[in-house]
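# Examination of the molecular architecture
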Amino acid sequence: MFESFPVGPFLQAFVLLFAIMDPFASIPVFLSLTAKFKSGDRIKAANQALMVATGVVLLFLFFGNTILHFFGISLSDFKIAGGGVLLILGAQLVFGWEKKEKATKDYHVAATIIGVPLITGPGVITSVIVLAASDGILLTLVAAGAALFANWIILLNSQKLLKLFGQNIVEISSRVMGLLLIAVAVSFVRAGLGV
């Protein structure tokens, strides 16, 4: 069973989705949103954020093509548009253009903001639809599940990771993810144009 599993494409899909989700950039936002939370509520927020993000991923994984057809959008058009979105997201990470979120006392609100668009935003939605079309639903599902799980672990340990590595390392990691996204954005646009 494992011998026939396409490890290479899986790793590529996992790295792509993990880079777009960029949990390292999410750490400061998550901590600022949950600054007024007790430890238990912070865990609840991370758990609910994962459920929200997973729901959005599953929606577009299984019904993404149907949604595209409904609006009369071809996969090539979506690749070009998605490449543009990834280019913007990558530039935001590389240049450190951050969106500040205010702390809240409601973990449901925090979880929704963290789940969408922080973890599962336009870049993830685009990538899930494109990956499902090129690599298949099963491989995309496994890669997305692994990336979401890694994000969840990082969110749960965000305070420890920030203390361990410091703000500078977190920012550097985020900028490296941004460079990866820009490269992927170029490949999406080239695939959409058939170049």
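See the structure above.
What comes next concerns the included structure. Since this is a predicted model, take the numbers as computed values, not measurements.

On to the overall build of the protein, then. Within the protein, the secondary structure is distributed over eight helices and zero strands. Referenced to the eigenvectors of the C-alpha coordinate spread, the extents of the protein come out at roughly 50 × 40 × 30 Å. Residues counted as buried form 40% of the 195 residues belonging to the protein. Roughly 10,400 Å² of accessible area belongs to the protein as shown, and the carbon and sulfur atoms make up 70% of that amount. Separation of charge centres in the protein, based on 13 positive and 9 negative side chains, amounts to 11 Å.

For the structure shown, the criterion picks out five aromatic pairs. Note on phenylalanine 149 and tryptophan 152: the rings are 5.8 Å apart at their centroids and 45° apart in plane angle, and the pair reads as tilted. Taken together, the residues span about one helical turn, with phenylalanine 149 and tryptophan 152 both in helix H7 (residues 137-156) at a distance of three residues. Classification of phenylalanine 149 by relative accessible area gives partly exposed; the value is 49%. Tryptophan 152 sits in the partly exposed class, given a relative accessible area of 22%.

Okay, the side chain of serine 158 next. In this structure, serine 158 sits in helix H8 (residues 158-193). For serine 158, a relative accessible area of 1% puts it in the buried group. Other than its neighbours up to four places away in sequence, serine 158 contacts Ile27, Phe30 and Leu31.

A word on the environment of isoleucine 80. You can see isoleucine 80 is positioned in helix H4 (residues 75-95). Its relative accessible area of 31% is what places isoleucine 80 among the partly exposed residues. In this structure the C-alpha to C-alpha distance between isoleucine 80 and phenylalanine 188, which are 108 residues apart in sequence, comes to 6.2 Å. Isoleucine 80 has contacts with Phe188, Val189, Gly192 and Leu193, leaving out every residue within four places of it along the chain.

The subject of this paragraph is helix H6 (residues 122-135). Taking 1.5 Å per residue, 14 residues should reach 20 Å; H6 reaches 19 Å between its end C-alpha atoms and fits that length. Within H6, 10 of the 14 residues are buried, which leaves the element mostly enclosed by the surrounding structure. The positive-phi residue at the C-terminal boundary of H6 is glycine 136, with phi of around 100°.

Quick notes on the rules
Residues numbered from 1 in each chain as written. Predicted model: local features only at pLDDT ≥ 70, side-chain atom pairs only at ≥ 80, totals over all residues. Heavy atoms only, no water. Helix = DSSP H or I, 4+ residues; strand = E, 2+ residues; numbered from the N terminus. Buried < 20%, exposed > 50% of the residue type's maximum accessible area, 1.4 Å probe, protein only. Areas by Shrake-Rupley, 256 points an atom, 1.4 Å probe, with all protein chains shown as cover. Lys, Arg positive; Asp, Glu negative; His and termini not counted. Charge placed at Lys NZ, Arg CZ, Asp CG, Glu CD. Phe/Tyr/Trp six-rings, centres within 6.5 Å; stacked < 30°, edge-to-face > 60°. Contact = heavy atoms within 4.5 Å. Expected span 1.5 Å × (residues − 1).

This is a description of form; function is not addressed.
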